[in-house]
Amino acid sequence: MAKTIAELMVESLKNAGVKRVYGLPGDSLNGFTEALRKDGTIEWVHVRNEEVAAFAAGADAHLTGSLAVCAASCGPGNLHLINGLFDCHRSRVPVLAIAAHIPSAEIGTNYFQETHPQNLFKECSDYCEMVGVPEQMPRVLEIAMRTAINLSGVAVIVMPGDVLLHDASDGHRVLPMKSARPIVRPNDEELREAAEILNAGEKVTILGGAGCKDAHAELLATAAALQSPIVHALRGKEYIEYDNPFDVGMTGLIGFSSGYHSMEDCDVLLMLGTDFPYPQFFPTKAKVIQIDLRGNQIGRRTTVTLGLVGSIKDTLAALLPLLNKKDSHIHLDAMVKDYKKVREGLEELAGADENKTPMHPQYVVRKIDQLAADDAIFTCDVGTPTIWAARYLSMNGRRRLLGSFSHGSMASAVPQAIGAQSAFPGRQVVTLSGDGGLAMMLGDLLTLRQQKLPIKMVVFNNGALAFVELEMKAAGIVNYATDLDNPSFAALANAIGIHGVRVEQPNDLENALRTAFGTPGPALVEVMVNRQELSMPPNISLGQMKGFSLWMAKSVLSGRGDEIIDLAKTNLIQRIFS
Ligand SMILES: Cc1cc2nc3c(=O)[nH]c(=O)nc-3n(C[C@H](O)[C@H](O)[C@H](O)COP(=O)(O)OP(=O)(O)OC[C@H]3O[C@@H](n4cnc5c(N)ncnc54)[C@H](O)[C@@H]3O)c2cc1C
Ligand SMILES: Cc1ncc(C[n+]2csc(CCOP(=O)(O)OP(=O)(O)O)c2C)c(N)n1
């Protein structure tokens, strides 16, 4: 019997090395799920909302470096993929989305569930094509996979349900494919130009990002030659921070003052594989050299003196012999000293605080950091969990940290953990979930149970959309629409067969975390934390200061003096920002 197009697709995916498909079925996708069932070698990771499938595939791709696949049915089914795919697209991870579509004969008639996926997915993909006739497959599939892998991005193939079920001619099958790993570096003249600027600089600072992956040794050797402090952008944390005597922390709104000062005080800034997005944190006077694998990234965030195209690993290896070792380490020493001071302040904030309640979230994350496995994979929600992850989780070259850092979507922690745990069943996966974030994707707690994923979730129950409250304060707006009337998340977990425990006292935290981490299945630890852990940016502009005092005035006027007292108390111990 002839194979169906869907069966040929599954065979091609398998040949290309795909191990899992994340998704949720529907009539239009039946041909594909049936082909998966018949084949039986590619795992179907069944989620409860297609958005989760896309986030999970993105995490899988980020962690494995290989193509990951998600699939959804027509219309509303694949519309749900979109937010997750935007995240994958922004994070530049290789993901293929299979978007099933309405019957081909009905396209253009405003048929039941009709949308136009090629338009809808255009903005969140590098390739998006419909397979209108069976003969287009598997060439379109191959192009899609090669695009996703080689551009490290999202490709979408739109498949009408009837085409999936159509007989396939005995066309070519897609062969195994791996990411190309070419050597990419600037030409000799460009390298000499960069070396000239760096050798002439007296105070060079490095800003490194996710492009420093696999270049730890080269990065440290460059910093040693230039005697430069290394600031990192958030997505670079997992690759840069560990075993790094030049580390001066992160910069940005939730960063450290030491990161900010290291950049503001330098005369040459060397940007390595970063798209750090906040222009106001770039130095005002320094020369800037930016190196990026993608030339179109250069000069986006600040004016650069010299832009070079290359991989960080290959470029630094070629640049190093051209650098003169600097004699003076005054700049480096001053910035490292500054960072040490900042860190001491942070450690103080993470103390148990004589068992006072509500707990400081910093204390919780410090404990997680101490108790988690050496090769744990952490995911954190957008909101205050991102702040605590950035500051209190220590990386070591084996641990990983993921979040929706560039797209900035709430509720990614559990979905990304689903991808992480599916790809690495033997590793410990820990989420730092917001109470708002967990609730937004609550349905997929059931996925942990169904897929038997032993994910450990730590939920920061602060009864609020706390990060938004912080932003409102900074903008001089009275908090409104941010309250969360939460149930007990621990009880909720228990009700669905997940180990759940609520922790209110700092003294109970360690035991609760140990038990959860030691539980064979999924576990949820709900921690009741302080709502107002204010984090002021290292460089507070006049506008922000004005906004902040305005918030206080408005709050008094609106009769919320008690909140100010709470805030003032919290502020008293917030000595981290000079
Ligand atoms: C609530 C919240 C608050 C945040 N606050 C901060 C903050 O205060 N500070 C902060 O830093 N971030 C913050 N972020 C994250 C921020 O939005 C960005 O995602 C982050 O700064 C980008 O990090 P990056 O430059 O390392 O990664 P990316 O933006 O992914 O940039 C990586 C760059 O490296 C290039 N590249 C990739 N591979 C290579 C290679 N092999 N060689 C050369 N180049 C390569 C890419 O083309 C890209 O240009 C926050 C996020 C959230 C959700
Ligand atoms: C999908 C989505 N909706 C809204 C926002 C705006 N937003 C950013 S952080 C945040 C609050 C997150 O709340 P929670 O998960 O409870 O974490 P908290 O900051 O309270 O710790 C909101 C609403 C967003 N980033 N993404």
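These figures come from a predicted structure and were not determined experimentally. (Residues numbered from 1 in each chain as written. Chains lettered and ligands numbered in written order. Predicted model: local features only at pLDDT ≥ 70, side-chain atom pairs only at ≥ 80, totals over all residues. Heavy atoms only, no water.)

A. Here's a closer look at the packing of helix H15 (residues 361-371) against helix H22 (residues 506-518). At a closest axis distance of 10 Å, the pairing of H15 and H22 adopts a crossing angle of 40°. The pairing of H15 with H22 is recorded here as oblique in orientation. Relative to H22, the crossing made by H15 is right-handed. Judged by residue contacts, Tyr363, Val364, Lys367, Ile368 and Leu371 of H15 engage Pro506, Leu509, Glu510, Leu513, Arg514 and Phe517 from H22. Across the contact of H15 with H22, the residue classes break down as eight nonpolar, no polar and three charged. (Axes fitted to C-alpha atoms, helices over the stretch in contact; angles between N-to-C directions. Helix = DSSP H or I, 4+ residues; strand = E, 2+ residues; numbered from the N terminus. Parallel < 35°, antiparallel > 145°, perpendicular 65-115°, else oblique. Left-handed = near helix turned anticlockwise from the far one by under 90°. Contact = heavy atoms within 4.5 Å. Nonpolar A, V, L, I, M, F, W, Y, C, P; charged D, E, K, R; others polar.)

B. Structural view of the sheet that holds strand E9 (residues 247-250). Spatial ordering of the open sheet is given by E9-E8-E7-E10-E11-E12, a layout of six strands whose pairing is parallel. Edge strands, defined here as strands with exactly one partner in the open sheet, are E9 and strand E12 (306-309). Neighbour-to-neighbour, the strand axes of the sheet open up by a mean angle of 20°, direction not taken into account. Note that strand E7 (residues 204-208) and strand E8 (residues 230-232) share three bridges and pair parallel. Bridge pairing in E8 places Leu207 opposite Val231. (Pairing = 2+ DSSP bridges.)

C. How the structure looks around the environment of Phe32. The topology assignment puts Phe32 in helix H2 (residues 30-39). On the accessibility criterion, Phe32 (0% relative accessible area) is buried. (Buried < 20%, exposed > 50% of the residue type's maximum accessible area, 1.4 Å probe, protein only.)

D. Fine view of helix H10 (residues 216-226). The element H10 is largely enclosed, with a buried count of eight among its 11 residues. Along H10, the positions that sit buried rather than exposed are His216, Glu218, Leu219, Leu220, Thr222, Ala223, Ala225 and Leu226. Contact partners of the buried residues in H10: helix H9 (188-200), E7, E8, helix H11 (237-240), strand E10 (268-272) and helix H13 (312-319). Of the residues trailing H10, Gln227 is marked for its positive phi of about 50°.

E. Region of interest: the confidence of the model for the protein chain. On average, residues of the protein chain score 92 in pLDDT, and 92% of them reach the 70 mark or higher. At the low end of the mean pLDDT range in the protein chain sits helix H24 (residues 561-572), at 50; at the high end sits strand E13 (residues 377-380), at 99. Low confidence marks residues 572-578, where pLDDT is under 50. Its contacts with residues over four positions away, or in another chain, come to 23 contacts. (pLDDT = per-residue confidence, 0-100.)

F. A look at the nonpolar core. Counting 89 residues, the largest nonpolar core has Ile368, Phe460 and Val527 as its most contacted members. With seven residues, the top contributor of residues to this core is helix H14 (residues 330-349). Filtering out sequence-adjacent residues up to four positions away, Ile368 remains in contact with Phe378, Leu393, Val430, Leu432, Val458, Phe460, Leu513 and Phe517. If you look at the next biggest cluster of nonpolar residues, it comprises 50 residues, including Val93, Val95, Cys124 and Leu453. (Core = buried A, V, L, I, M, F, W, Y, C linked by side-chain atoms within 4.5 Å.)

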